[in-house]
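Overview (structure and organization)
Each chain, written out:
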Amino acid sequence: MKSLVNITNPVKRVVVEDQFWKTYKHIVAKEVIPYQWKALNDELPDTEPSHAIENFRIAAGESSGEYYGMVFQDSDVAKWLETVAYSLRDFPNKELEENADEVIALLGRAQRKDGYLNTYYMLKEPNNRWTNLRDNHELYCAGHFIEAAVAYYESTGKKEFLHIMEKYVELIDSVFGLEDGKIKGYPGHEEIELALVRLFDVTTNSRHLKLAQYFIEQRGQRPNYFSEEMEKRKTIETAQTWNDDTHINFGLGYEYQQAHKPVRQQKEAVGHAVRAMYLYIAMADLAAKTGDHSLKETCDILWDDVIKHKMYITAGIGSAVNGEAFTCNHDLPNDSMYCETCASVGLAFWANRMLRLDPNRKYADVLEQALYNGTLSGMDLDGKRFFYVNPLEVNSFQKNRKDQEHVKTERQKWFFCACCPPNLARMIASVEDNVYTQTDDTLYTHLYIAGNVQTVLSEQKVELTQTHNYPWEGNIALTVNVENLAEFKLALRIPGWCKAASAKVNGETVAVNELEKGYLIIDRIWQKGDTVTLELDMAVLKMRSNPLVSMNQGQTALQRGPIVYCIEEVDNGANLAGIRLSKQSNITSQYEPNLLNGVVTLKAEGYRIEPTSELYHSEPLEMHPQTITAIPYYAWCNRKKGEMRVWIYEM
């Protein structure tokens, strides 16, 4: 197939020296990884047991007992290993690496001779492999282990984990496909598709790419595999009792698994939001590898549907608790929404893949939006408590409402369904993989994260160093280091939120009025020490919703740079719905180094509407002046428990 003309490649040799992200990466290395290791080994007091490591010990014949946990419990181990792999790039740790090696060896001992590796089926239903692809996450778990194995190999050079997973993939390849005697199915929860493309990147084994392509192309074909599978399950004994269509998919049909029609016919994002993200990532990956224009066009259509109709201002997605799913266009409630942490993480990963297909600011803006807002809110500032659901409003009524009991007013130590904490950890640990992509002669800077990158452009070694205090300040310095004169292009993203920008090269002004898909392209012969400076205006913006988002009418959200803000009870008092922001109010910003690990806060003059003794009345409401204080949304609920809201009524 013809290659896609805008394809860019990821850049790997990136070192983060950024104060904001290095703090988070340090927290993941020093706090989250050990904390999650304790969780996986049931060593956290007063929390849901995981049993994930113990399941593998039982499967290896080294312990006794029964399987415990969700059917996808294995994936928590996989994501922990993947996080360890990324963290070792920044923080070499012999003891941690040895611990990871021991877990990998345990996986090898638990693995069956034919390559099979899934503790639920090995311990719970040994005779029922591949009989419930719709619900039971066999291929999903395999996908996460493949991703972890690739990451561990790339970080350490060790191949044992990779060989374990190659053996498993060989089995899977022998089981699934269109050939006679093979199962013509695909996973209910997408993940293995994108993992197989990553495996292909390090093995160059075309069977891995072809298997990924099979799973993607087979999805939603007629007759629907899940319907056929359900009928076959009626003839077997199973440990589960919810194998009929009256109990599945939350009434959403096969849209829940994005299996309602073939992927190229899908024009609207539907169903479980995390599953959708993983499918769309895989589709973008496959389009990049094969040059498939129609698949890229489908990705673009789905992207526009999500971003223009179904995404919160924090880059949260999946507005319905029922099925953790997308609903209809502009249905974005703030207090009953879902916005699973994993969904925003998946959106960030998808944006990363779309940038490889086409270096376009519209993807990078969403990538940044997700990284700084909808994902980080899922973890507190010390890395020990987590949100599964990320609300945009917490109020005093939710504790009394059964339909909103999924919304927690404070982060939890752990979850029985614990997919989000390790997913967030692996994203933070690998955040540098999102900063750059490149062609042979162009280096695209998608994110402003201080540090340096080493790569090859126009057949010459190039080092680029970013220096700044982003996201709090918009003064960006980029220094080029080359051994000899080198001609190449630097493509620097001018964010969509930035209303005024200026640039200089070695002190000489460069025009920024002509951008290429949102990027300033600087094409010149570079020499050692050349410096580019960017000035990105970080004025506070009052953001407003499309009028079709009825929940937000008459309200505004505050944003400065890439950071979305919220107001909390601890700063503004109770009944935040009674606060009014004046349209004429001057909003000031101030960096506070000792607050919430160092943040810029916003202050504005407004009013508070006072409650009355009557439920309904005709008299004007009494208002008193009040100073309104806003903090970054990602940092809410790190002081006192209380109300919070992103959207503020304006008058």
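Residues numbered from 1 in each chain as written. Predicted model: local features only at pLDDT ≥ 70, side-chain atom pairs only at ≥ 80, totals over all residues. Heavy atoms only, no water.

1. Describing the overall build of the protein
- Secondary structure summary: the protein contains 16 helices and 22 strands in total.
- Here the C-alpha radius of gyration of the protein, 25 Å, is about what a compact globule of 651 residues would show, namely 26 Å.
- Referenced to the eigenvectors of the C-alpha coordinate spread, the extents of the protein come out at roughly 75 × 70 × 50 Å.
- Sorting the 651 residues of the protein into buried and exposed places 60% on the buried side.
- Contacts in the protein between residues far apart in sequence, at least 24 positions, make up 72% of those at least 6 positions apart. (Helix = DSSP H or I, 4+ residues; strand = E, 2+ residues; numbered from the N terminus. Rg over C-alpha atoms; globule rule 2.2 N^0.38 Å. Buried < 20%, exposed > 50% of the residue type's maximum accessible area, 1.4 Å probe, protein only. Contact = heavy atoms within 4.5 Å.)

2. Topic: the packing of helix 12 (residues 293-309) against helix 14 (residues 361-375)
- Where helix 12 contacts helix 14, the two axes come as close as 12 Å, and the packing angle between them is 45°. Between helix 12 and helix 14, the angle falls in the class oblique. Note on packing geometry: the crossing formed by helix 12 with helix 14 is left-handed. Side by side, helix 12 and helix 14 meet where Asp-300, Trp-303, Asp-304 and Ile-307 of the first sit next to Lys-362, Tyr-363 and Val-366 of the second.
- Class assignment of the residues belonging to the contact of helix 12 with helix 14 gives a composition of four nonpolar, no polar and three charged. (Axes fitted to C-alpha atoms, helices over the stretch in contact; angles between N-to-C directions. Parallel < 35°, antiparallel > 145°, perpendicular 65-115°, else oblique. Left-handed = near helix turned anticlockwise from the far one by under 90°. Nonpolar A, V, L, I, M, F, W, Y, C, P; charged D, E, K, R; others polar.)

3. Focus: the sheet that holds strand 5 (residues 442-445)
- In space, the five strands of this open sheet follow the order 1-4-5-9-12, with mixed pairing throughout. Two strands close off the open sheet at either side, each with one partner strand: strand 1 (9-10) and strand 12 (519-526).
- Here strand 5 runs beside strand 9 (residues 486-493); their pairing, made up of four bridges, is parallel. Across the sheet, Thr-442 pairs through a bridge with Lys-489, a residue of strand 9.
- Docked against the sheet, helix 14 engages strand 9 and strand 12, running at close to 60° with respect to strand 9. (Pairing = 2+ DSSP bridges.)

4. Quick notes on the packing of aromatic side chains
- Applying the stated criterion across every chain, the model contains 34 aromatic pairs.
- Both rings, one in Tyr-120 and one in Tyr-121, keep their centres 5.0 Å apart while their planes meet at 85°; by these two values the pair is edge-to-face.
- Residue classification places Tyr-120 among the buried positions, given a relative accessible area of 5%.
- Taking the ring centre of Tyr-116 as reference, the NZ or CZ of Arg-129 above it sits at 4.0 Å.
- Sitting above the plane of the Trp-526 ring, Arg-524 keeps its charged end 5.1 Å from the centroid. (Phe/Tyr/Trp six-rings, centres within 6.5 Å; stacked < 30°, edge-to-face > 60°. Lys NZ or Arg CZ within 6 Å of the ring centre and 35° of its normal.)

5. A word on unusual backbone geometry
- With omega at -5°, the peptide bond leading from Arg-222 into Pro-223 counts as cis.
- Assignment of secondary structure puts Pro-223 in the loop between helix 9 (206-218) and helix 10 (225-233).
- Along the chain, Tyr-470 connects to Pro-471 via a cis peptide bond; the corresponding omega equals 10°.
- Within the element layout of this structure, Pro-471 appears in the loop between strand 7 (460-467) and strand 8 (475-482).
- The phi torsion at Phe-250 lies on the positive side, around 55°, for a residue other than glycine.
- Topologically, Phe-250 is positioned in the loop between helix 10 and helix 11 (273-290).
- The class of Phe-250 is partly exposed, set by a relative accessible area of 49%.
- You will see that Glu-459, though not glycine, has its phi angle at about 65°, which is positive.
- Summarising the element assignment, Glu-459 is placed in the loop between strand 6 (451-457) and strand 7.
- A residue is classified by how much of its surface remains accessible, and Glu-459, at 78% relative accessible area, is exposed.

6. Some points on a nonpolar patch on the surface
- Residues Tyr-607, Met-623 and Met-651 make up a contiguous nonpolar surface patch of roughly 240 Å² in combined accessible area.
- Topologically, Tyr-607 is positioned in strand 19 (residues 599-609). (Patch = residues over 30% accessible without salt bridge, like charges linked within 9 Å, V, L, I, M, F, W, Y side chains within 5 Å. Areas by Shrake-Rupley, 256 points an atom, 1.4 Å probe, with all protein chains shown as cover. Salt bridge = Lys/Arg side-chain N within 4 Å of Asp/Glu carboxyl O.)

7. Let's talk about the packing of helix 3 (residues 74-90) against helix 15 (residues 420-429)
- Packing of helix 3 against helix 15 leaves a shortest axis separation of 8 Å and a crossing angle of 20°. Here helix 3 is positioned roughly parallel relative to helix 15, judged by the angle of their axes. As for how helix 3 packs across helix 15, the hand of that crossing is left-handed. Contact residues: helix 3 offers Asp-76, Lys-79, Trp-80, Glu-82, Thr-83, Tyr-86, Ser-87, Arg-89 and Asp-90, while helix 15 offers Pro-422, Asn-423, Ala-425, Arg-426 and Ala-429.
- Across the contact of helix 3 with helix 15, the residue classes break down as five nonpolar, three polar and six charged.

8. Structural notes on a negative patch on the surface
- The grouping of Asp-440, Asp-441, Glu-459, Glu-487 and Asp-523 at the surface amounts to a negative patch.
- Take Asp-441: it is sitting in the loop between strand 4 (436-438) and strand 5.
- When its relative accessible area of 32% is taken as the criterion, Asp-441 is described as partly exposed. (Lys, Arg positive; Asp, Glu negative; His and termini not counted. Charge placed at Lys NZ, Arg CZ, Asp CG, Glu CD.)

9. Quick notes on the nonpolar core
- Counting residues in each nonpolar core, the largest one holds 217 residues, and the members touching the most others are Trp-21, Leu-81 and Trp-350.
- Ignoring sequence-local partners within four residues, the contact set of Trp-21 consists of Val-16, Leu-371, Tyr-372, Leu-376, Ile-428, Val-431 and Ile-449. (Core = buried A, V, L, I, M, F, W, Y, C linked by side-chain atoms within 4.5 Å.)

10. Overview of the environment of Val-345
- When you line up the elements, Val-345 lands in helix 13 (residues 341-357).
- Residue Val-345 is classed as buried on the basis of its relative accessible area, which comes to 0%.
- Measuring from C-alpha to C-alpha, the distance between Val-345 and Arg-356 comes to 17 Å, with eleven residues separating the pair along the chain.
- Ignoring any residue separated from it by four or fewer positions in sequence, one finds Val-345 in contact with Thr-375, Asn-423, Leu-424 and Met-427.

11. Some thoughts on helix 7 (residues 160-175)
- The end-to-end C-alpha distance of helix 7, which contains 16 residues, comes to 23 Å, matching closely the 22 Å that a straight helix rising 1.5 Å per residue would cover.
- Phe-161, Leu-162, Ile-164, Met-165, Tyr-168, Val-169, Leu-171, Ile-172, Asp-173 and Val-175 are the residues of helix 7 that are buried.
- Each element contacted by the buried residues of helix 7 is listed here: helix 3, helix 4 (94-110), helix 6 (138-156), helix 8 (192-203) and helix 9.
- Phi turns positive one or two residues past the end of helix 7, at Gly-177, with a value near 155°. (Expected span 1.5 Å × (residues − 1).)

12. Focus on the pairing of strand 5
- Covered by surrounding structure in strand 5 are Thr-442 and Tyr-444 together with Leu-443 and Thr-445, the residues of both alternating faces.
- Sheet analysis places strand 4 next to strand 5, joined by three bridges and oriented antiparallel. Its bridge partner lying in strand 5, Gln-438 is registered against Leu-443.
- In textbook terms, the turn of a hairpin is the stretch between consecutive antiparallel strands, and for strand 4 and strand 5 this stretch comprises three residues.

13. Thoughts on the sheet that holds strand 8
- With antiparallel pairing, seven strands are arranged side by side in an open sheet as 2-6-7-8-13-10-11. Of all strands in the sheet, those bounded by a partner on one side alone are strand 2 (14-16) and strand 11 (508-510). Between one strand axis and the next, the sheet turns through 20° on average, direction left out of account.
- One ladder, built from five bridges, connects strand 10 (residues 501-505) with strand 13 (residues 531-536); its direction is antiparallel.

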